[in-house]
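# Coordinates in review
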Amino acid sequence: MDFRKIGVLNALLVFVPVAIGLKFAGAPGMWVFIVSGIAIVPLAGLMGKSTEILADKLGAGWGGLLNATFGNAAELIIALFALHRGMIEVVKSSITGSILGNVLLVLGASFLAGGLKFSRQKFNSTAAGMSATLLALAAIGLVVPAMFHVHLELFHTKANEQSLSLEIAVVLFAVYVLMLIFSLVTHKHLYAGEHDNGPDDADGFATVEPHWSSKTALSVLVGATVFVALMSEFLVGSIEEARLAMGLTETFVGLIVVAIVGNAAEHSTAVLVALKNRMELSYHIAVGSALQIALFVAPVLVFAGYLPGFPRMNLVFSMLEVMAIVVSVMVVGLVAFDGESNWLEGLLLLAVYLILAIAFFNLPEPEAHENARAVIEQPAGMLCWILPDFDGDWLSHV
């Protein structure tokens, strides 16, 4: 097997032994974080490409299921290690970040790159609209727990929010299974695209040598998964030291940095196929990955909280995260309805992602939100916060 034929980005595999060396040499956490993050990128790409080869061997049904299962394996592994260490805020923000990254950053970059080469690109509006609708329904499952939490705070009541998150996670996972049946069995013609399978169809993050056997692909998949787990352990173990050294919050690290690292392979694939005028495939890579995060990864992380050694995780996200998810879902619906894309739409998607990234970069840590908590807990909190001289005493006379 000639790794020179796998792709230029796989030269980054050299960072795997470098990360191991830095870790065991006791290097500063910031360098371990950066190097292990870079090392995950080509490893995730190898996982994706070996999965594609196995999918071709297994046929459309099982192959599609295998692709769906391993499509977000890197970010799931990173999230599981973070959850095991009790970094719940990092885990939650990485879920939000993966959704935003796929539907704004990846789709935007694909529209921009493809639009600069082709004046107008088309994709199946019916399938795109269905994916956008599913994403909107999945977003409801992530938004409702936050709204439920706010309701409890406003009315000073208590309820079992963990139980609510678990029940919603079960529903989301069931929808994920039904979505696979819809896209892989009953309505697979909607997702077939305009191109027949050919030697260039799998081109993306890397152009894999077409003569890999199933045994070779399986070996690469297992080996890459093992090293992704190892690099994820290094990455998560150095997050705290690295973020303090760089002056970043847990939310920003999870939402931007970890999400980009975990999705890097898919990001590259979507852009490269857009440059080949395969916008339908590019669209489904971006939106499909966001769907997998909302319907598969998020529920699995909630379920993992019931395993020994893992803290319980719920689906209560911050208000800014909820707003960002709603905005991203609306954007997908807007770009999907006409079945066409151009470079300006891509630029606008990237601008929205940048605006949200700036907001999260400037967002302080949760413990610094004393004023925000006062707004929720006091009936006149909002007015007192906006107008410092307003004491709210008049409410007692109403």
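Everything numeric in this text was worked out from a predicted model, so none of it was measured.

## Focus on the overall build of the protein
- Secondary structure summary: the protein contains 15 helices and two strands in total.
- Taking the contacts inside the protein whose residues are at least 6 apart along the sequence as the reference set, 84% of them involve residues at least 24 apart.
- Element-wise, carbon and sulfur atoms account for 68% of the exposed surface of the protein, whose accessible area totals about 18700 Å².

## A short note on the confidence of the model for the protein
- Taken as a whole, the protein shows an average pLDDT of 78; of its residues, 78% reach a score of 70 or greater.
- Between residues 1-6, whose pLDDT stays under 50, and residues either more than four places distant or in other chains, the model counts 13 contacts.
- This stretch, residues 195-210, has a pLDDT under 50; its non-local contacts, to residues over four places away or in other chains, come to 36 contacts.

## Points about the environment of Pro 364
- Relative to the elements of secondary structure, Pro 364 occurs in the loop between helix H13 (343-362) and helix H14 (370-377).
- Of the residues examined, Pro 364 reaches a relative accessible area of 42% and is grouped as partly exposed.
- Between the C-alpha atom of Pro 364 and that of Phe 252, which follows or precedes it by 112 residues, the distance is 9.6 Å.

## As for the environment of Ala 128
- If you trace the backbone, Ala 128 turns up in helix H6 (residues 125-154).
- Using a relative accessible area of 0% as the deciding quantity, one classes Ala 128 as buried.
- The spatial distance from the C-alpha of Ala 128 to the C-alpha of Gly 288 is 9.9 Å, given a sequence separation of 160 residues.
- Those residues in contact with Ala 128, other than ones at most four positions away along the chain, are Phe 123, Tyr 283, His 284 and Ala 336.

## Points about the nonpolar core
- Residues Leu 142, Tyr 283, Leu 301 and Leu 315 are the most contacted members of the largest nonpolar core, which totals 104 residues.
- By residue number, the principal contributor to this core is helix H11 (residues 279-304), which donates 17 residues.
- Residues in contact with Leu 142, not counting those within four places in the same chain, are Ile 99, Leu 172, Ala 294, Ala 298, Leu 315, Phe 317 and Ile 325.

## Notes on the packing of H6 against helix H7 (residues 161-186)
- Contact pair H6 / H7: the axes reach a minimum separation of 11 Å and the direction vectors enclose 175°. Our classification of the angle between H6 and H7 gives roughly antiparallel. Judged by residue contacts, Met 130, Leu 134, Ala 138, Gly 141, Leu 142, Val 144, Pro 145, Phe 148, His 149 and Leu 152 of H6 engage Glu 161, Leu 164, Ile 168, Leu 172, Met 179 and Phe 182 from H7.
- Residue composition of the contact of H6 with H7, grouped by class: 13 nonpolar, two polar and one charged.

## Structural notes on the packing of aromatic side chains
- Counted according to the given criterion, the structure contains eight aromatic pairs.
- Taken together, a centroid distance of 5.0 Å and an interplanar angle of 15° make the contact between Phe 123 and Tyr 283 stacked. With Phe 123 in the loop between strand S1 (121-122) and H6 and Tyr 283 in helix H11, this residue pair connects regions lying 160 residues apart in the sequence.
- Three or more aromatic residues joined by ring pairs form one cluster here, namely Phe 173, Tyr 176, Phe 296 and Phe 303.

Rules used throughout
- Residues numbered from 1 in each chain as written.
- Predicted model: local features only at pLDDT ≥ 70, side-chain atom pairs only at ≥ 80, totals over all residues.
- Heavy atoms only, no water.
- Helix = DSSP H or I, 4+ residues; strand = E, 2+ residues; numbered from the N terminus.
- Contact = heavy atoms within 4.5 Å.
- Areas by Shrake-Rupley, 256 points an atom, 1.4 Å probe, with all protein chains shown as cover.
- pLDDT = per-residue confidence, 0-100.
- Buried < 20%, exposed > 50% of the residue type's maximum accessible area, 1.4 Å probe, protein only.
- Core = buried A, V, L, I, M, F, W, Y, C linked by side-chain atoms within 4.5 Å.
- Axes fitted to C-alpha atoms, helices over the stretch in contact; angles between N-to-C directions.
- Parallel < 35°, antiparallel > 145°, perpendicular 65-115°, else oblique.
- Nonpolar A, V, L, I, M, F, W, Y, C, P; charged D, E, K, R; others polar.
- Phe/Tyr/Trp six-rings, centres within 6.5 Å; stacked < 30°, edge-to-face > 60°.

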